[in-house]
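So the chains spell out like this:
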Amino acid sequence: MNKIATLTLSCAMTAAGTVIAESPADADNFYRNDKLQQTKVSFPTVYRLRVAGLLVLPEQFQEGVRYPALVVGHPMGAVKEQSACLYAMKMAERGFVTLAIDLPFWGESEGEARNAVLPDLYTEAFRAAVDFLGTRPFVDRNRIGAIGICGSGSFAISAAKIDPRLKAVATVSMYNMGDATRHGLKHSLTLEQRRKILEEAAEQRYAEFTGGPVAYTGGTVHEITTNSTPIEREFYEFYRTPRGEVTPPGATPETTTHPTLTSNVAFMNFYPFHDMETIAPRALLFITGENAHSREFSEDAYRRAAEPKELYIVPGAGHVDLYDRTGLIPFDKLEAFFSRFLSPGER
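Rules of the game
- Residues numbered from 1 in each chain as written.
- Predicted model: local features only at pLDDT ≥ 70, side-chain atom pairs only at ≥ 80, totals over all residues.
- Heavy atoms only, no water.
- Helix = DSSP H or I, 4+ residues; strand = E, 2+ residues; numbered from the N terminus.
- Rg over C-alpha atoms; globule rule 2.2 N^0.38 Å.
- Areas by Shrake-Rupley, 256 points an atom, 1.4 Å probe, with all protein chains shown as cover.
- pLDDT = per-residue confidence, 0-100.
- Contact = heavy atoms within 4.5 Å.
- Phe/Tyr/Trp six-rings, centres within 6.5 Å; stacked < 30°, edge-to-face > 60°.
- Buried < 20%, exposed > 50% of the residue type's maximum accessible area, 1.4 Å probe, protein only.
- Lys NZ or Arg CZ within 6 Å of the ring centre and 35° of its normal.
- Patch = residues over 30% accessible without salt bridge, like charges linked within 9 Å, V, L, I, M, F, W, Y side chains within 5 Å.
- Salt bridge = Lys/Arg side-chain N within 4 Å of Asp/Glu carboxyl O.
- Lys, Arg positive; Asp, Glu negative; His and termini not counted.
- Charge placed at Lys NZ, Arg CZ, Asp CG, Glu CD.
- Core = buried A, V, L, I, M, F, W, Y, C linked by side-chain atoms within 4.5 Å.
- Pairing = 2+ DSSP bridges.
- Axes fitted to C-alpha atoms, helices over the stretch in contact; angles between N-to-C directions.

**Brief notes about the overall build of the protein chain**
Tallying secondary structure elements over the protein chain gives 10 helices and 10 strands in all. The C-alpha radius of gyration computed for the protein chain amounts to 19 Å, which stays within 12% of the reference 20 Å derived for 347 residues, consistent with globular compactness. C-alpha extents for the protein chain along the principal axes are approximately 60 × 45 × 40 Å. Accessible surface for the protein chain amounts to roughly 14,900 Å². Of this, 51% is attributable to carbon and sulfur atoms.

**Describing the confidence of the model for the protein chain**
Considering every residue of the protein chain, the mean pLDDT works out to 93; 93% of them sit at 70 or more. Predicted confidence in the protein chain is weakest over strand 1 (residues 12–13), with a mean pLDDT of 34, and strongest over strand 8 (residues 166–172), with 99. Overall, residues 1–19 carries pLDDT values under 50, and its contacts beyond four positions in sequence, including any with other chains, amount to 46 contacts.

**Considerations on the packing of aromatic side chains**
For the structure on display, the rule yields 17 aromatic pairs. Summarising the aromatic geometry, the rings of phenylalanine 155 and phenylalanine 267 are spaced 6.2 Å apart at their centres and angled 5 degrees between planes, so their arrangement reads as stacked. Placement of phenylalanine 155 in helix 3 (residues 152–162) and of phenylalanine 267 in the loop between helix 7 (261–264) and strand 9 (283–289) is noted, with a sequence separation of 112 residues between them. With relative accessibility at 0%, the residue phenylalanine 267 sits in the buried group. The interplanar angle of 85 degrees and the centroid separation of 4.9 Å between the aromatic rings of phenylalanine 238 and tyrosine 239 together place this pair among those described as edge-to-face. Pairwise contacts between aromatic rings join Phe96, Phe337, Phe338 and Phe341 into one cluster. The residue whose ring lies beneath lysine 90 is tyrosine 31, and the NZ or CZ to ring-centre distance is 3.8 Å. We note lysine 309 situated over the ring of tyrosine 302; from NZ or CZ to the ring centre the distance is 4.4 Å.

**Quick word on the environment of alanine 129**
Relative to the elements of secondary structure, alanine 129 occurs in helix 2 (residues 119–134). Residue classification places alanine 129 among the buried positions, given a relative accessible area of 0%. On a C-alpha basis, the gap between alanine 129 and phenylalanine 43 in space is 7.6 Å, while along the polypeptide they are 86 residues apart. The contacts of alanine 129, once residues within four sequence positions are left out, are Phe43, Val71, Leu99 and Ile101.

**Re unusual backbone geometry**
Across the junction of alanine 280 and proline 281, the peptide omega takes the value 15 degrees, indicating a cis bond. Tracing the backbone through its elements, the reader meets proline 281 in the loop between helix 7 and strand 9. Of note, the bond from glutamate 307 into proline 308 is cis; its omega dihedral lies within 30 degrees of zero at 0 degrees. Positionally, proline 308 belongs in the loop between helix 8 (295–304) and strand 10 (309–314).

**Re a negative patch on the surface**
A grouping of Glu192, Glu199, Glu200 and Glu203 is seen on the molecular surface, where their side chains present a negatively charged patch. The residue glutamate 200 is located in helix 5 (residues 191–209) in this model. Given the relative accessible area of 41%, glutamate 200 is considered partly exposed.

**Let's talk about the nonpolar core**
One finds Tyr87, Ile101, Leu133, Ile147, Leu334 and Phe338 to be the most contacted residues of the largest nonpolar core, which totals 93 residues. Here this core gets 9 residues from one element, more than from any other, and that element is helix 2. Excluding anything up to four places from it in sequence, isoleucine 101 contacts Phe43, Val51, Ala52, Gly53, Val71, Val72, Gly73, His74, Lys80, Ala125, Phe126 and Ala129.

**Topic: the sheet that holds strand 4 (residues 50–57)**
Strand order in the open sheet formed by 8 strands is 3-4-6-5-7-8-9-10, with mixed pairing between adjacent strands. The open sheet has two free edges, formed respectively by strand 3 (37–44) and strand 10, since each of these has just one partner strand. Taken pair by pair, the neighbouring strands of this sheet meet at an average axis angle of 20 degrees, ignoring direction. One ladder, built from 5 bridges, connects strand 8 with strand 9; its direction is parallel. Directly across from alanine 170, in strand 9, lies its bridge partner leucine 285.

This is the structure we're talking about:
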């Protein structure tokens, strides 16, 4: 969580053909405000796995006051120090108690095997965070919401469908991890390709069951070249450069952001948007970039949701821009949304 000065990387090509990107001037993933009281915490899920988090109290925190609170979830494959802690700090500056969490199997949270995918436990992590926040003497348990970034947007929605204690949910650059895994972006994955993925994962289970090494999939590429796709470049420029690079406990640079192959297919049985209209009358806000490759998921969620709902498109922004670019992230919009729907009069 140490502050890292804004980086300017040369935009050049090495002899090996690797392209080095320039970090945006307003990228501030490691933002820190030492006036905010910050405490590392952990708490159990109902399955007795402990979830790790960073609890941040408002700058003008006063004993005896009960504050509205927000759970903040990180992008899929990331850790709380990548984007979630930034959001937690910025929203705490605006008067909210915030809790940035590591999902189970990632970062400092418990769960084996590391980097495993289990959507139900990701959903449960948000609910366990509500358990924790709602039992703090300085939190109004009737005024708890959530922010889900990237994949955590779909986990926050999944939690809200079954937990009415989440009174309002905002998603940012949301990925529907179920649809993305089943169909690919813009439904580019064919049924035959899906079957091949399932077959590969099934065969890998035999290999690992008999002592073979763990196989990983997806995630961020480890170098970009002139042939790299725009999406590969976008993620690389965050996860593989000092702009956002973090090696979490229990991981290596080679495994960071990569889920296990055998578990990742669990997302094909994950349908977070089904029945999401039942979240109403609790409010939903979907924030996406105008140029985000993930925009389709926020638009789909908005179509499916019942009122009150809002789709907010950030002009000129891409997907990863809303991870850390403080000049683009609409914190004022988030503050207004949660101030309204977590107000004392809302239930």
